[in-house]
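# Inside the fold
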Amino acid sequence: MRNLGLYLHIPFCRSKCAYCDFYSLAGHDGRMDEYCTALLREISRWGADVRDYEVDTVYFGGGTPSWFGAERIVRLLNAVKTSFLLSGDCEITLEANPDSVTPDGLRHLREAGVNRLSLGVQSASEDELKLAGRPHSFAQAARAVE
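To keep things clear, this report deals only with the structure shown in the data block. These numbers were taken from a predicted model, which means no experiment stands behind them. (Residues numbered from 1 in each chain as written. Predicted model: local features only at pLDDT ≥ 70, side-chain atom pairs only at ≥ 80, totals over all residues. Heavy atoms only, no water.)

A few words on the overall build of the protein chain. What the protein chain contains, in helices and strands, is six helices and six strands. Taken from the N to the C terminus, the helices and strands of the protein chain come in the order β-β-β-α-β-α-α-β-α-β-α-α. Taking 2.2 N^0.38 as the reference for a compact globule, 146 residues should give roughly 15 Å; the C-alpha atoms of the protein chain span a radius of gyration of 16 Å, in line with that estimate. C-alpha atoms of the protein chain, sized along the principal axes, occupy 50 × 30 × 25 Å. Looking at the protein chain as a whole, 42% of its 146 residues qualify as buried. Residue pairs in contact within the protein chain that sit at least 24 positions apart in sequence constitute 73% of those at least 6 positions apart. Taken as a whole, the protein chain presents about 8200 Å² of accessible surface, with 51% of it coming from carbon and sulfur. (Helix = DSSP H or I, 4+ residues; strand = E, 2+ residues; numbered from the N terminus. Rg over C-alpha atoms; globule rule 2.2 N^0.38 Å. Buried < 20%, exposed > 50% of the residue type's maximum accessible area, 1.4 Å probe, protein only. Contact = heavy atoms within 4.5 Å. Areas by Shrake-Rupley, 256 points an atom, 1.4 Å probe, with all protein chains shown as cover.)

So, in structure tokens, the structure goes:
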């Protein structure tokens, strides 16, 4: 069986960071449900086309997938599990920002199978965080890590 890695782009952000060149939509939160529905359709469609592959990585990137919300991410991950064959040691990563994670949300994601978190702290300097347009403080980042 051949290996396959899945990347699911979640383009929504609380705000656009000054250094970011990725496609993202700040201020379009009202489109999140519509996007989730479309992505669920695509997951189902592509899963049917790659039955001879085993998925060894699932990566939720963006944008800010944690801003998309744990419930939507879990819906997408459950669709991935239904539509694709995941390896027993599949790495499931979620990009997150310190201002959009909560203990309950992270617990929910972990229970659903997320086993790697990429936490976008970027800097311990408040001035650098502001200059980069980051929507969080270093104190928020420290709390998120805890």
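Here the narrative resumes, following the displayed structure.
Here we take up the packing of helix α1 (residues 32-49) against helix α3 (residues 70-83). Running from N to C, α1 and α3 cross one another at 10°; their axes reach a closest spacing of 9 Å. On the basis of their axis angle, the class for α1 and α3 is roughly parallel. Residues Met32, Asp33, Cys36, Leu39, Leu40, Ile43, Ser44 and Gly47 of α1 lie in contact with α3, whose contacting residues are Arg72, Arg75, Leu76, Ala79, Val80 and Ser83. Looking at side-chain class alone, the contact of α1 with α3 contains eight nonpolar, three polar and three charged residues. (Axes fitted to C-alpha atoms, helices over the stretch in contact; angles between N-to-C directions. Parallel < 35°, antiparallel > 145°, perpendicular 65-115°, else oblique. Nonpolar A, V, L, I, M, F, W, Y, C, P; charged D, E, K, R; others polar.)

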